[in-house]
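Residue-level listing of the chains:
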Amino acid sequence: MKIDKQLLIVFGILIGLLIILIISIPLYSSYKNRDVYFDYNGFEVNTLDGGFKFKIFINERQTANYVNFLSDPRVIENITLSTDVSTLKDVQELFTVITPAHNLGSEAAVAIFEVEKILDNPALFTVPVTAAFTAPSERINLTVVTCQDATPEKPVMWFKLSDTRMGMFKEQNCYLVEGQTEKDLIKIADKIGMTLLGIM
């Protein structure tokens, strides 16, 4: 009989532990998902390794689409965009340029791509985006375009480093994307893309 009581006690403890485990799994899961999914201005955002996936609806369609950005919108919301970026949706072509002598690396190219994937996207705005240099390069043969060549229909977006400014600034038909590091250029480009999509 003593063995039966001990078995009942052990069995009762195991059932108690099992109940605690069953209750705690959903609680832990919702706690853990708090940082994986969040709402930003009415958009569902999923945190990914190395980026963020936004659930968007294009042209009032019922089916969701997803677009990825590298930057957390909560971190970049205070970056300055000194002009209305929505005007970029209506241009005939956008030239994205860097200066070859500045030796910008792959992160500057990523920043340019972040803008291009939104504007030059058949599901979104279909604005042709053309990469160019502000001066000839011995290593890469690209079109040379400067802010002096910019027109209202074919503006220039110049990505460059700056010790004094961070954000996007407009001078006539030239959009200056300036940050202290190339990572800053990616953040600014992501803010431009999110703003174009109405996320910000």
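Quick look at the structure, then. On a predicted model such as this, the values are computed, not experimentally measured, just so you know.

The rules behind the values
- Numbers given for residues are sequential positions, taken from 1 along each chain in its written order.
- Given that the model is predicted, a residue must reach a pLDDT of at least 70 before its local features are reported, and side-chain atom pairs must reach 80 or more before they are shown or counted; all residues, however, enter totals for whole chains, interfaces and linings.
- Excluding hydrogens and water, the side-chain values take into account all heavy atoms of the structure.
- Each helix corresponds to a stretch of at least 4 residues labelled H or I by DSSP, and each strand to a stretch of at least 2 residues labelled E; elements are numbered beginning at the N terminus.
- Any two residues whose heavy atoms approach within 4.5 Å at even a single point are treated as in contact.
- In this scheme, a helix's expected span is set at 1.5 Å multiplied by one less than its residue total.
- We call a residue buried when its accessible area falls under 20% of the maximum for its residue type, exposed when it is over 50%, and partly exposed in between, using a 1.4 Å probe and counting protein chains only.
- By definition, disulfides here are pairs of cysteine sulfur atoms that lie within 2.5 Å.

## What about the side chain of K117?
For K117, the location among the structural elements is in helix α3 (residues 106–119). In contact with K117, other than residues within four places in its own chain, are N68, F69 and L124.

## Points about helix α4 (residues 182–196)
A rise of 1.5 Å per residue sets the reference length of α4, with its 15 residues, at 21 Å; its end C-alpha atoms lie 21 Å apart and thus fit the reference within 8%. Burial runs high along α4: 12 of the 15 residues are buried. Of the residues trailing α4, G198 is marked for its positive phi of about 80 degrees.

## What to know about the state of the cysteines
Enumeration over the complete set of coordinates arrives at one disulfide. Disulfide pairing is shown between C147 and C174; the S-S distance is 1.8 Å. One end of the pair, C147, is in the loop between β7 (129–133) and β8 (156–161); the other, C174, is in strand β10 (residues 174–179), with 27 residues separating them in the sequence. Take C147: its relative accessible area is 27%, and that puts it in the partly exposed class. Its relative accessible area of 2% is what places C174 among the buried residues.

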